[in-house]
Amino acid sequence: MIEINNVSKQYGTFHVLTDCSTKVAKGEVVVVCGPSGSGKSTLIKTINGLEPINKGDIRVNGTSVCSPKTNLSQLRSKVGMVFQNFELFPHLSIIENLTIAQIKVLGRKRNEAGDKGRKYLDRVGLKDQAAKYPAQLSGGQQQRAAIARALCMDPICMLFDEPTSALDPEMVNEVLDVMVQLAREGTTMMCVTHEMGFARKVADRVIFMDAGRIIEDTSKAEFFGNIEGRTDRAKQFLSRILQH
Amino acid sequence: MFKNYSWDWGVFLQPVSTGEPTNYLGWLLAGLYNTVVLALSASLIAFAVGVVMGVLRTTPNRWLAALGTTYVGIFRNIPVIVQLFAWYFVLPELLPDNVGTWFKQLPASTQMMTSAVLCLGLYMGARVCELIRSGIETLPKGQRSAALALGLTLPQAYRYVLLPVAFRVAIPPLTSEMINVFKNSAVASTIGLLELSAQAQQLVDYTAHPYESFAVATAVYILINVIVVLIMRQVEVSVRLPGYIGGK
Amino acid sequence: MTAIDLLSDITNSLPALAAGMVTSLKITAIAVVFGIVWGAILAVMRLSSFKPFALFAQGYVMLLRSIPLIMVLLWFFLMVPQLIQNLFGVSPRTDIRLVSAMVAFSLFEAAYYSEIIRAGIQAVSRGQLSAANALGMPYLMAMRLIVLPQALRATVPALLTQGIVLFQDTSLVYVIGLADFFRSAKNIADRDGNTVEMILFAGSVYLVISLLASAGVQFLQRGGRYVKVG
């Protein structure tokens, strides 16, 4: 589904990503973790071309993201993305947030898009909030609405960029619950997150990044089950995460 | 300081001494009409050009951004009166002969109004451009990413996501610019367009009552100011977003 | 007309153009200095808890900001001779246009400067004023010694940028017939019949000066920020 081959990216002399390669198969849930500044957010944003790369190639469902011939908008409409700061559009009501891309990008009829939007709002538990504006919702509600917005596009895979790190602690779980449910339904997912509980519960593989490189790319069982077999960096990271 | 000055507010109702069938108040009203026509036409141009250039300055394309930057650099750094003289005295000379001749055969007032509208429109457009640009730039960077990630094209992202919010952010400073268009329109008096301030000056020559005539013109400008503020406040309230504080 | 003709035209008129530029710069300098001083006073009045002061400052700023600069110039050109006669009991013999322009620009720009300075004062944290008061400083002393120096330093770039706007605005003295740089250029154009060239030349001179000055302000601003961080 997603193939990342030898991807490198640099700003001037600063290497954000160095020779990163990995694959995400259909139905697979991959969690990407690592200390801040390790390049994990940048990596996930390269997958739908929000961050251009200097070297390597990325393919989504066989289509190259980096080729100038690719219709990026079309490709992006099939890849759902959830952002750290929700990024709902403040001037649109929640239901309009969910329908605008369906109407403008996929060309769906307004009522068809509305039906789909309400269906997904119901699924994330926000049926009653359709007419409200983003600023009237709590952070957790906004993030759930943002997930629903991405799902409305019928994506072939979902990208999550630290979806819970801007949330107050008491709201983290309501968002994680939605993500766990998605994972259990077989959604192809790549998640940048520090929530190791989420990783233990639903991840198939765990990728650990540091200083722009993929240092570990192993099964969940190996990553959490065999602490001794981890690199020093990953051990350090895990112990720091577990302490707090 | 007015001990030798004889006030006469009735002067406005006297018929004008040129024999035209009107009084001096009529002259002032004709001036007000020109001021309003000039300011409103110019603000339409300023808004259209300003939005386009403001968007260009925020696009990832370096050449388009440079085009916007150059426009702002030129039109903000030459005094408006010099720009006006350039539009009115210079441009017709530089146009192809037939176009220049055609322009010079138009009624004088049309020539002046056209030059003044274009001048003020592009001069104010540079300021609108900066407001739109900073409106867009105060939006969180993730908004653009989120719009693109949903598959919206860049123009769609501007049309449906970035600009609607940027406009709302820019309303208070746009209000000041709307007032400025009216104030700056007085510069058109220097090429002979008989707008409000020019009529006030003309009244000084004809009536020898400068204080009354300036006072009335000044009061009208203040009134225009108040009206613009009230209208823009209505606009601001009607597009306000529930719960949204603005910007970052 | 060739470029060489134009060059010789400009060279021949150089003394007049230079004198005009000196007039423009004189007005600018005077208005910047008096505008900032009077603007600072207005800003402090505006923020004072003594209502009449606050209302006066607010009314002054609102009034001057809603009138076209051209009207302000005309008003002062009308009133300044009267004032001089009333204050000094002499009828002005010298050319009062320059004086009128200087007075008009100082008072007009003060309204704009006061808004910039007011924003600067409000950006200085309220704790600063409280701390100064706690040390026993009365309001005006706290403003003068503690708040205003910080506010002015923070607003230097905005004040200088306003100065560039002001420099361009001085060209509007055209309406009272004062021979500043632009009026001199136009006078020469009318005499020599080279309107196109002289207007373009005048525009270029303003453009170059304003761009250089803006670049200077930006340079200062970057320097200022660096110092602040370090």
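Residues numbered from 1 in each chain as written. Chains lettered and ligands numbered in written order. Predicted model: local features only at pLDDT ≥ 70, side-chain atom pairs only at ≥ 80, totals over all residues. Heavy atoms only, no water.

Undergrad: Quick one: what's the story with the nonpolar core, residue by residue and with numbers?
TA: M190 of chain A together with I121 of chain C are the most contacted members of the largest nonpolar core, which totals 180 residues. In terms of residue count, the dominant contributor to this core is helix 5 (residues 108-138) of chain B (15 residues). Here I121 of chain C is in contact with A43, V44, L47, M143, V147, L148 and A151 of chain C, once residues within four sequence places are set aside. Core analysis: the second largest hydrophobic core is formed by 49 residues, V29, L167, M171 and F237 of chain A among them. (Core = buried A, V, L, I, M, F, W, Y, C linked by side-chain atoms within 4.5 Å. Buried < 20%, exposed > 50% of the residue type's maximum accessible area, 1.4 Å probe, protein only. Helix = DSSP H or I, 4+ residues; strand = E, 2+ residues; numbered from the N terminus. Contact = heavy atoms within 4.5 Å.)

Undergrad: An account of the arrangement of the chains is requested, with residue identities and associated values reported.
TA: The top pair by number of contacts, from a total of two pairs of chains in contact, is chains B and C. The least C-alpha distance between chain A and chain C, which are not in contact, is 22 Å.

Undergrad: Give a description of the state of the cysteines that names residues and reports values.
TA: By definition, a disulfide links the sulfur atoms of two cysteine residues through a covalent bond. Residues and elements named next belong to chain A. In total, this model carries zero disulfides over all chains according to the counting rule given. Here C152 stays unpaired: no disulfide links it, and the sulfur of C157, its closest cysteine neighbor, is 16 Å away. Judged by its relative accessible area of 0%, C152 is buried. (Disulfide = S-S within 2.5 Å.)

Undergrad: Go over the pattern of salt bridges, please, and point to the residues and values.
TA: According to the stated counting rule, one finds 23 salt bridges over all chains in the structure shown. For the salt bridge of K116 of chain A with D154 of chain A, the shortest nitrogen-to-oxygen distance reads 3.0 Å. Here the residue K116 of chain A occupies a position in helix 4 (residues 110-123), and D154 of chain A occupies one in the loop between helix 5 (139-151) and strand 7 (157-161), the gap between them amounting to 38 residues. Under the relative-accessibility criterion, D154 of chain A is labelled partly exposed at 35%. When the shortest N-O distance is used, the salt bridge between E130 of chain B and R133 of chain B registers 2.9 Å. Of this pair, E130 of chain B and R133 of chain B both sit in helix 5, separated by three residues, roughly a single helical turn. The exposure class assigned to R133 of chain B is partly exposed, which follows from its relative accessible area of 22%. (Salt bridge = Lys/Arg side-chain N within 4 Å of Asp/Glu carboxyl O.)

Undergrad: Provide a residue-level description of the packing of aromatic side chains, including the pertinent values.
TA: Throughout the structure, instances matching the rule amount to 22 aromatic pairs over all chains. Ring geometry for F214 of chain B against W75 of chain C: centres 5.6 Å apart, planes inclined by 75°, an arrangement best described as edge-to-face. Of this pair, F214 of chain B sits in helix 9 (residues 210-238) while W75 of chain C sits in helix 4 (residues 69-88), on two different chains. Assessed through its relative accessible area of 4%, F214 of chain B is described here as buried. Among the aromatic side chains, those forming a connected cluster through ring pairs are W7, W9, Y211 and F214 of chain B together with W75 of chain C. Sitting over the face of the ring of F89 of chain A, R149 of chain A holds its NZ or CZ atom 4.5 Å from the ring centroid. (Phe/Tyr/Trp six-rings, centres within 6.5 Å; stacked < 30°, edge-to-face > 60°. Lys NZ or Arg CZ within 6 Å of the ring centre and 35° of its normal.)

Undergrad: Can you lay out the environment of T195 of chain C for me, pointing to particular residues and giving the numbers?
TA: In this structure, T195 of chain C sits in helix 9 (residues 195-229). Taking the C-alpha atoms as reference points, T195 of chain C and L83 of chain C, separated by 112 residues in sequence, lie 37 Å from one another. With residues up to four places along the chain from it excluded, the contact list for T195 of chain C reads F89 and V90 of chain B together with A189 of chain C.

Undergrad: So what's going on with the sheet that holds strand 9 (residues 205-210) of chain A? Residues and values would help.
TA: All names here are of chain A. With mixed pairing, six strands are arranged side by side in an open sheet as 6-7-8-3-9-10. Strands at the two margins of the open sheet, each flanked by one partner only, are strand 6 (79-82) and strand 10 (213-219). Each strand of the sheet is rotated relative to its neighbour by a mean of 15°, with strand direction disregarded. The sheet contact formed by strand 3 (residues 29-33) and strand 9 spans four bridges and is parallel. Paired with V31 across the strands is V206, a residue of strand 9. Contacts from helix 5 reach strand 6 and strand 7, with the element oriented near 170° to strand 6. (Pairing = 2+ DSSP bridges. Axes fitted to C-alpha atoms, helices over the stretch in contact; angles between N-to-C directions.)

Undergrad: Kindly report on the interface of chain C and chain B, identifying the contributing residues and their values.
TA: Listed by partner, the interface residues are 33 residues for chain C and 32 residues for chain B. Considering only the side of chain C, the residues that lose the most area to chain B are S66, M71 and W75 of chain C, jointly responsible for 17% of the buried surface there. Our count for the chain C to chain B interface comes out at zero salt bridges. At the boundary of chain C and chain B, one finds five residue pairs in polar contact (both at pLDDT 80 or more). (Buried area = accessible area lost by both parts, 1.4 Å probe. Polar contact = N/O pair within 3.5 Å; in protein donor to acceptor, adjacent residues only side chain to side chain.)

Undergrad: Give a description of the interface of chain A and chain B that names residues and reports values.
TA: Listed as interface residues are 22 residues of chain A and, on the opposing side, 22 residues of chain B. Buried area between chain A and chain B, summed over both chains or domains, comes out near 2000 Å², and the portion from carbon and sulfur atoms is 70%. Among the residues chain A hides against chain B, the three largest losses belong to F89, P90 and H91 of chain A. Together they make up 29% of the total. The interface formed by chain A and chain B contains zero salt bridges. Linking chain A with chain B are five residue pairs in polar contact (both at pLDDT 80 or more), by the criterion used here. Of all elements in the fold, only helix 2 (72-77), strand 6 and helix 3 (94-104) of chain A reach the threshold of two or more residues within the side of chain A that touches chain B.

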